[in-house]
Each structure stands twice: as C-alpha cells, then as structure tokens.
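Residue strings, one per chain:
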Amino acid sequence: MDFFFVICSTLFLLFISYLRHKYQYWEQRGVPQLQMNFFYGNFFRIKTMHKTEIFHEVYKKFRGKAKLVGTYVFTKPVAVVLDLDLVKSILIKDFNKIADRFEQRKGSEGILHRHLLRLDGERWRPLRTKLTPTFTSAKMKFMFPTLVTVAQQLEEAFSKQLTKTSSGDVELHDLMGRFTTDVIGHCVFGVDCNSLKDPNVVFRRMGRRIFYPKYFSIRLHIFMTTYPALFKYLKFFNVQEHSKDLEDFMVQLVSDTVRLREEQNIHRNDFIDLLIELKNSKDTKGMSQMSIEVMVAQVYIFFAAGYETSSSNLSNGLYELAKNPHVQEKLRAEIKSILEKHNGELTYEAMMEMTYLDQVITETLRMHPAIGALTRVSIDDYKIPDTDITLEKGTHIYIPVSEIHYDPAIYDNPKEFRPERFHPDEMQKRHPQAFLGFGDGPRNCIGLRFGRMQVRVGFITLLKSYRFSLSEKTPTELEISKYSIVLVPHSKIWLKAEKL
Ligand code: HEM
C-alpha cells in the first residue's frame, strides 16, 4: 500500500513539474504571456477555437505593449501576433520561413486531407501554382452566367418562401446556404445540387456534416490540429476527421463527373473542367499534372471552404442592412441605377461597377469574419524583426483577425456598421493588414474572387426586389455558433421581407 502511494505521489509530482515546465515556455524566452492555471493551462476555456476568448484576453491586455504574446492551447505554446507590421512580415515578407498553416500529420493522411488549405509548404507551392489560373477574373467571367441562373432559382425559392408566411418573416441563413451550395455544386462539382428546391438533398446533409460536427468533435478538431502526431493513434478508436462515407461520396461524385465529361466531351468552363485539364496535361517528366485523388481533395476543399463562408457573409450582411436601413437604401439605389444603365440585365460588367456593394461586403466581413484567427507554423527558426526573440521551428502562430477588426485604434466605433470605411480613400489611411477577411500573402484565400462574386450576385438578386427589416424574431446580436469550425451565426437569422 505504502509502495503504491509512493509511486502515485511520484507520478503526480512528475506530472506537475512537467506542466510547470511547459507553462513557463514563453516566460523563459522573454515573451510576455497570460497567467495560466497551474494544472490545466487554459484547457477548459478552449471550447471552440473560433470563440477566440483566449485571443480576446491576450489582445486586450497586451495590445500596444508587445509585438507578440505567448499563450498555450492545451499545453502547446502558441504565439499570438499583436503588431500589424509583424503580421505583414509573417504573412508576406518572411513567408518562406512560415509557409505552413498547420502542423503536419505525417503518415496518416486520407484522400480528403491532400488539399490546398492543409498541405505543408513544400507540397502546397506547386499545387497553388497549378490552381491559381483557375481563379482569374477571366475564368470568373466565364462562370458568371451559371451564377445568374442559380440566382433566378434563388429568386423563385425566396418568393415561394415569402408567400408561405403572412408575417413576411423569412429565415435567411439556411436559404443563403442553399444558394451557395447550388452555385458551388454547379461550378465545382458540375452538377445541379437542387438544394434551393429541396432543402434536404444529399449536398446539404454533407455540408452540415463538414461544418457542424458533434460538440466533442470541435475540441477534437482543436486537439487534432494542435497535436497531429497524437491524432493518428485515435484512428484505432475509430475517431477520424472525415467519415468514410463523406470520402466515398466525394470520390464517387468526382469520378462519375469526370467520366461523364470525358465520355461525352462536355465542356462548361467551370472548376471541374479546369481540373480535368490539369489531370490530362503532362508535366516536364511526362507525368499527369493532377491525379484523380488530388482532384477529389481540391473539389472537397472548394466546396468546404466556399459555401458556408459565402453564405454567412450574405446572411450576416442582410442582417446588418436590416439594422441599418439608410445603408440598405443607399446600396439599393446603386444596384438599381447600375442595372438600369445596363438595360435591367445583370451582367458581369454591371456587377463590377457596384463599388458600394463591395464596401458593404467588406464591412460585413470586418464585423463578421469567417475565420476568427489565421494560423501559421514556422518551418524554420524565425527571428522576430527588431527584437531578440526567435521563434523555434514548428511554433504555432495565430493572427487574431476578430480582435484586429474590432480594435478601436484601427476602426473607430468598431461596433458600428459603416461600409464607407472601405472607400478607397479611407482604406489608404489604414495599415494594409488592418483587414484580414480573406487572409493575406501567398497563402491568402484562393477563392476570394469567386466568393465575392457569389455574394455580390446574392445581394443584387434579393435587394433589387425586396426590402429587409427587423422582425420580432430577429436576434438583437448575432451569436457565433460553438458547433461550427468557421464563424457562422448560432441562431437563425429571421428578417421581415417586403416585396418592392
Ligand atoms: C466570402 C467567402 C470567403 C471567405 C470570407 C474566405 C476566407 C478565407 C480565409 C480567411 C482563408 C485563410 C487565408 C490565410 O490563411 O491567409 C481562406 C483560405 C482558403 N480559401 Fe477561402 N474564403 C471564402 C471563399 C472561398 C471560396 C469560394 C473558395 C473556393 C472556391 C475558397 C477556398 C479557399 C482555399 C482553398 C483556401 C486555402 C488557400 C491556401 O492555403 O493556399 N474560399 N479563405
């Protein structure tokens, strides 16, 4: 019994010393850090990464006093960058030393992991170079008519939904999700997802599975990105990031589409066409530029990264416009006058002329960014410019987007929705990294143009025909979901709509 007691006490003391040592990591390097709970660090406060409570505390306490601050996710030391010049160095100037987004999970990659968002810098670079031409303005212009077709379906679905209610209350977050699912379905998968007609189609179910994992899975997701080396052992307990049926669904879908297009020689100028072109072209060694597995992974990430981010931008924007009727009227006036100039037709050129619309979209993303913090991992030791601090190779770095976007020293009265902040003259007065809604540098959002295009088309379609106002069911504040990986509204977004 005594022996057992001695063993337990020794193990306990060793464990405490280990934690104590771990939680002194930043202090020992001369980097300011938040006070940690001695036993569990900030484990219990990490309910969701995107809730970013920890970054909020760090930013509030150290902004203006330090360029970067240390904190911990579980026991992993992470650096939080507070200074915009340092943000610029990390994302752009010194990108070569900080090219990874996540610590890599070697040897345990499924097909759906081999995508742009996740790959390490070495494998990411050639893939990004191949995929960048897929997102040029010219390619966007080719896809524009498809978006207009889906927008007509949105108009029909919206009008149908409105006729079903006598109060005029419409729930917008789900409807916008169905719109962007169908747009991505057409342009990325090359199929008609039909979710505007049937909300329960398989694509919606798959989308919900990606973004709304069970509560446990959110912590698991954080655990997985923090300790990828340990995560591989969880597969023995059948814990996986992507379920087998999601992977099978994606593989089947892409293989069927590719076969059909090749057999029937179908060309539609969409993403899948461009990926097939890469699959069929050879590199200098005579090898295919893209295998079907890599293609599946890219199609998966275009869907995953593209539909919920854009639909939240749309529904959050409509919410802000309902709260700020003067902005809504100003935007509608712009939309109507430009459409009139183009004989009432929504063309790519007409859309590009709507500059105030662009400001509204950016201001919405400032107040409601899709990603609360950008992540990077150093692939080499990195000396922080003008300091004696060196981040070790493999350090996890966070750039707290939400905090920067709400910093009153950067955006006066940050809780006010004011699109004019993004007038080019106003933007010139701010630091170039003061807005990070699409990230920045070589690893910024590759789908920026496409995302903005579908959001613009969604806004134009609804605002030209409907006025939105607050209803009794509208939430007073938009709460962020604790259950989703990206920042999406927790509650439904009910607004009153009136036909013009
Ligand atoms: C309003 C819509 C969107 C928002 C707000 C958004 C936001 C972001 C952000 C913040 C990042 C991280 C950037 C960084 O770390 O610097 C990102 C990366 C990415 N996004 Fe988007 N995104 C949107 C739409 C899209 C669309 C439509 C697609 C694809 C069709 C897409 C594909 C990607 C990919 C593949 C990456 C990883 C890029 C890389 O590592 O090279 N996104 N996005």
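None of the values given here were measured: they were computed from a predicted structure. (Residues numbered from 1 in each chain as written. Predicted model: local features only at pLDDT ≥ 70, side-chain atom pairs only at ≥ 80, totals over all residues. Heavy atoms only, no water.)

Draft legend 1. Representation of the overall build of the protein within the structure. Scanning the protein for helices and strands turns up 19 helices and nine strands. The principal-axis extents of the C-alpha atoms in the protein amount to approximately 85 × 55 × 50 Å. Put simply, the protein has 500 residues, and 54% of those count as buried. Measuring between centres, the 70 positive side-chain charges of the protein sit 2 Å from its 59 negative side-chain charges. (Helix = DSSP H or I, 4+ residues; strand = E, 2+ residues; numbered from the N terminus. Buried < 20%, exposed > 50% of the residue type's maximum accessible area, 1.4 Å probe, protein only. Lys, Arg positive; Asp, Glu negative; His and termini not counted. Charge placed at Lys NZ, Arg CZ, Asp CG, Glu CD.)

Draft legend 2. Molecular detail of helix H6 (residues 137-163). Between its terminal C-alpha atoms H6 stretches 38 Å, which fits the 39 Å expected from 27 residues at 1.5 Å a residue. A maximum bend of about 40 degrees is found in H6 at Met143, where proline Pro145 lies one to four positions downstream. Listed in full, the buried residues belonging to H6 are Met140, Met143, Phe144, Leu147, Val148, Val150, Ala151, Gln153, Leu154, Ala157, Phe158 and Leu162. (Expected span 1.5 Å × (residues − 1). Bend = angle between axes of the 7 residues up to and from the residue.)

Draft legend 3. Summary view of the packing of aromatic side chains. In this structure the tally under the stated criterion is 15 aromatic pairs. Ring centres of Tyr411 and Phe422 lie 6.1 Å apart, and the angle between their planes is 40 degrees; this geometry places the pair in the tilted category. Residue Tyr411 is located in the loop between helix H17 (401-405) and helix H18 (424-428), and its partner Phe422 is located in the loop between H17 and H18; the two are separated by 11 residues in the primary sequence. Pair check on accessibility: Tyr411 and Phe422 agree, each one buried. Ring pairing ties together the aromatic residues Phe135, Phe271, Phe302 and Phe450, which thus form one cluster. In this structure, Arg366 is placed above the aromatic ring of Tyr411, and the distance from its NZ or CZ to the ring centre is 5.0 Å. The residue whose ring lies beneath Arg430 is Phe422, and the NZ or CZ to ring-centre distance is 5.0 Å. (Phe/Tyr/Trp six-rings, centres within 6.5 Å; stacked < 30°, edge-to-face > 60°. Lys NZ or Arg CZ within 6 Å of the ring centre and 35° of its normal.)

Draft legend 4. Fine view of the confidence of the model for the protein. Taken as a whole, the protein shows an average pLDDT of 87; of its residues, 90% reach a score of 70 or greater. Interface confidence in the predicted complex, given as ipTM, is 0.99; pTM for the same model is 0.92. (pLDDT = per-residue confidence, 0-100.)

Draft legend 5. The site of the ligand, seen in detail. By nearness alone, 27 residues border the ligand, and Arg101, Trp124, Arg128, Arg376 and Cys445 come closest of all. Here an oxygen atom of the ligand sits 2.7 Å away from a polar atom, N or O, in the side chain of Arg128. Asp440 is positioned with one of its backbone polar atoms (N or O) 3.3 Å from an oxygen atom of the ligand. Contributing elements (two or more residues each) for the shell around the ligand: helix H5 (121-131), helix H13 (292-323), strand S4 (374-377) and helix H19 (448-463). Per element, the largest residue contribution to the shell around the ligand is five residues, and it comes from H13. Across the shell around the ligand, the residue classes tally to 14 nonpolar, eight polar and five charged. (Near = heavy atom within 4 Å. Polar contact = N/O pair within 3.5 Å; in protein donor to acceptor, adjacent residues only side chain to side chain. Nonpolar A, V, L, I, M, F, W, Y, C, P; charged D, E, K, R; others polar.)

Draft legend 6. Fine view of unusual backbone geometry. Even without glycine at this site, Asn265 takes up a positive phi of about 50 degrees. Tracing the sequence through the fold places Asn265 in the loop between helix H11 (244-264) and helix H12 (271-280). Taking the relative accessible area as the measure of exposure, Asn265 reaches 58% and is therefore exposed. Even without being glycine, Asn413 reaches a positive phi, approximately 45 degrees. Counting through the fold element by element, Asn413 comes out in the loop between H17 and H18.

Draft legend 7. Representation of the sheet that holds strand S3 (residues 169-171). Strand order in this open sheet of three strands is S3-S9-S8, and the pairing throughout is antiparallel. Strands with a single pairing partner mark the edges of an open sheet, and in this sheet they are S3 and strand S8 (466-470). The average angle at which neighbouring strand axes cross in this sheet is 45 degrees, direction not considered. Of the strand pairs in this sheet, S8 and strand S9 (residues 494-499) are connected by five bridges, and their pairing is antiparallel. Residue Arg467 lies in a different strand from S9, and its bridge partner there is Glu498. Helix-sheet contacts for H13 involve S8 and S9, and the interaxial angle to S8 is about 75 degrees. (Pairing = 2+ DSSP bridges. Axes fitted to C-alpha atoms, helices over the stretch in contact; angles between N-to-C directions. Contact = heavy atoms within 4.5 Å.)

Draft legend 8. Seen up close, the pairing of strand S7 (residues 396-399). Burial along S7 is two-sided: His396 and Tyr398 facing one way and Ile397 and Ile399 facing the other are all buried. Here strand S2 (residues 76-81) runs beside S7; their pairing, made up of three bridges, is parallel. Counterpart to Ala79 in the pairing with S7 is Ile397.

Draft legend 9. Expanded view of the environment of Met354. Locating Met354 in the fold gives a position in the loop between helix H15 (348-353) and helix H16 (355-367). When the C-alpha positions of Met354 and Ala373 are compared, they lie 29 Å apart, and in sequence the two are 19 residues distant. Among residues more than four places away in sequence, those in contact with Met354 are Glu334, Ile335, Ile338, Leu339 and Ile460.

Draft legend 10. The arrangement of the pairing of S2 in detail. Extensive coverage of S2 is indicated by the burial of six of its six residues. The alternating pattern of S2 places Lys76, Val78 and Val80 on one face and Pro77, Ala79 and Val81 on the opposite face, and all of these are buried. Sheet topology note: the strand S1 (residues 68-73)/S2 ladder contains six bridges and is antiparallel. Along S2, the bridge assignment pairs Gly70 with Ala79. As consecutive antiparallel partners, S1 and S2 are separated by two residues, and within that stretch Phe74 has a phi angle of approximately 55 degrees, a positive value.

Draft legend 11. Quick peek at the coordination of the iron atom of the ligand. Protein coordination of the iron atom of the ligand is limited to a single donor, Cys445 (SG), which sits 2.3 Å from the metal. With respect to the helices and strands, the residue Cys445 is situated in the loop between H18 and H19. (Donors = N, O, S within 2.8 Å, 3.2 Å for Na, K, Ca; no water.)

Draft legend 12. View of the packing of H11 against H13. Interhelical geometry of H11 versus H13 gives an angle of 110 degrees and a closest axis separation of 9 Å. With respect to their mutual orientation, H11 and H13 come out roughly perpendicular. Contacts from Leu246, Met250, Val251, Val254 and Val258 in H11 reach Ile292, Met295, Val296, Val299, Tyr300 and Phe303 in H13. Looking at the contact of H11 with H13 residue by residue, the class counts come to 11 nonpolar, no polar and no charged. (Parallel < 35°, antiparallel > 145°, perpendicular 65-115°, else oblique.)

Draft legend 13. Molecular detail of the side chain of Ser465. Counting through the fold element by element, Ser465 comes out in the loop between H19 and S8. In this structure Ser465 comes out as buried when scored by relative accessible area, which is 9%. Apart from the residues lying within four places of it in its own chain, the contact partners of Ser465 are Glu155, Glu498, Lys499 and Leu500.

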